[in-house]
Amino acid sequence: MRDLAAGMGYLAKGQKWVGRHGRWWAFGMIPALITLAGYAVALFFLGGWAGDIAEWATPFADSWSSLWQDLLRTTLAAVVFVGGLLLSVLTFTAVTLLVGQPFYEELCEKVDESEGGAPTPPDVPLWRELLVATRDSLFVLARAGGFGVLLFAAGFIPVVGQTVVPVLGFLVSGFFLTLELTSVALQRRGVAQRERLRLLRGRLGLALGFGVPLVLAFLVPLVTVVAMPGAVAGATLLARDLVPVEEEPHSSSPDEDEDEDGDEGGDGEPDAPAVPELPEYGAQRPVEGNPYAAAPRPPEPHPHRSV
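Residues numbered from 1 in each chain as written. Predicted model: local features only at pLDDT ≥ 70, side-chain atom pairs only at ≥ 80, totals over all residues. Heavy atoms only, no water.

> I'm lost on a nonpolar patch on the surface in this one. Help?
A contiguous nonpolar patch, built from Val41, Phe44, Phe45, Trp49, Ile53 and Trp56 and spanning about 740 Å² of accessible area, is present on the exposed surface. The topology assignment puts Ile53 in helix α2 (residues 22-57). (Patch = residues over 30% accessible without salt bridge, like charges linked within 9 Å, V, L, I, M, F, W, Y side chains within 5 Å. Areas by Shrake-Rupley, 256 points an atom, 1.4 Å probe, with all protein chains shown as cover. Salt bridge = Lys/Arg side-chain N within 4 Å of Asp/Glu carboxyl O. Helix = DSSP H or I, 4+ residues; strand = E, 2+ residues; numbered from the N terminus.)

> Please clarify how the nonpolar core should be interpreted in this entry.
Across soluble globular proteins, nonpolar side chains show a tendency to be buried alongside one another. Of all hydrophobic cores here, the largest spans 52 residues; its most connected members are Tyr104, Leu181, Phe210 and Leu214. Setting aside chain neighbours within four positions, we find Tyr104 in contact with Gly28, Pro31, Ala32, Thr96, Leu97, Val184, Met228 and Val232. (Core = buried A, V, L, I, M, F, W, Y, C linked by side-chain atoms within 4.5 Å. Buried < 20%, exposed > 50% of the residue type's maximum accessible area, 1.4 Å probe, protein only. Contact = heavy atoms within 4.5 Å.)

> What exactly am I supposed to notice about the layout of surface pockets here?
Rolled over the atoms, a probe sized like a water molecule indicates the empty space that remains. Counted as a void, the largest pocket has a volume near 930 Å³. Within the residue set of the lining of the largest pocket, elements represented by two or more residues are α3 (66-99), α5 (126-154) and α6 (160-181). For the lining of the largest pocket, the per-class residue count stands at 19 nonpolar, eight polar and no charged. Its volume calculated, the second largest pocket comes out at about 330 Å³. If you go around the second largest pocket, you meet 14 residues; those closest to its centre are Leu36, Leu43, Leu85, Phe218 and Thr224. Here the residues of the lining of the second largest pocket sort into 12 nonpolar, two polar and no charged. (1 Å grid on protein atoms, 1.4 Å probe; cavity = no way out; pocket = protein on both sides within 12 Å on 5 of 7 lines; lining within 4 Å. Points joined across faces, edges and corners; volume = space filled by probe spheres on them. Nonpolar A, V, L, I, M, F, W, Y, C, P; charged D, E, K, R; others polar.)

> How do you make sense of the packing of helix α1 (residues 2-20) against α2 when you look at a structure like this?
The description of two packed helices rests on the angle between their axes and on the distance between the axes. One can describe the packing of α1 onto α2 by two numbers: an axis separation of 5 Å at closest approach and a directional angle of 110 degrees. Judged by the angle between their axes, α1 and α2 are roughly perpendicular. Contact with α1, carried on its side by Trp17, Val18, Gly19 and Arg20, involves Gly22, Trp24 and Trp25 of α2 and no other residues of that element. Partitioning the contact of α1 with α2 into residue classes produces four nonpolar, two polar and one charged. (Axes fitted to C-alpha atoms, helices over the stretch in contact; angles between N-to-C directions. Parallel < 35°, antiparallel > 145°, perpendicular 65-115°, else oblique.)

Spatial relationships are all this shows, so hold off on functional conclusions.
As C-alpha cells, then:
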C-alpha cells in the first residue's frame, strides 16, 4: 500500500512540477497533440468501417435471421471499435514518446537539473536514440499485445470476463504505461530495457500506483494531451527513486580524513611520503656521488690579512 501511495504521489508531483514551469508544460504538449490528431483520424475511420469489418468476418451469419445477424454483427463491431480504442490507449504513450523523443529528453533533463543530481546522458547521436526508442517501444508493445490477446479471450468467460478481466486489463495497461513513461529517464541513466522491466516488477506497487490512475485519466478526451508533460515529469521523479544518481565526490574536511595516526588526508588517496626538513644552509652536505664532494674547501681568509 505504501508503494501504491508513493506511485500516485509521483504522479501528483509531476503535474505540480509542470504547473510551476508553464513553458515546459506547453512544450511537452506538442508531441501529444500531434499524436492525438493522428489517432483521432484513425478511430474516426475505424468507427465508420467497424460494421463492414464485422460483416466481412461473419459470412456464416448471412443465412441467419435478421435479429440474430444484427445482434452478432453489432456486438462484433462494438468489440472491434473498443479493441481499437484500447489499443490506442496502450500504444498512445509509446507513439507519443517516439514522436516527442527530443521534446521529452529536454523535459526530463530539466526535471533532473531542477531536482539536483542530474546524470550525464550517453553521448549518442539522435538517430541512434530514436532507433533504440523504437526497438524498446516494439518490445513493450509485443508484451502488452500478448497480454491483450489473453485478456480478450478471457473476456468471453461468463462472469469472470465482465468483472475480473477489466480490472486485470487496467492493471496490465498501467504497468506497461509506467514502463513506457520511465523509459526516457532510465535510458538517460544507461538502464537497458530488460533491466527496467525487472526494476518495475520489483516495485510493482509503485508502478501500478503511478500507471493505473493515468490509464483511467487518459480515457477522458484531451486529458492525455494536458497530462502528458506532467506524466513525463512524474516518471522522471519516479526513475530517480528507482535508480538514484551518485553525486560527484567532494573534498571532505580535514577532521573526516584523519587517519589512524591522526595525520590529515586531503582526498582519500594514500598519504604522500612526508618531505624531510632541510638542514640549515651551513650544515648541508653534498649529495652522494657528487664529483665536487671530495673537492677541498677553499681556505677562509685571515681576518688580518689584506687581500
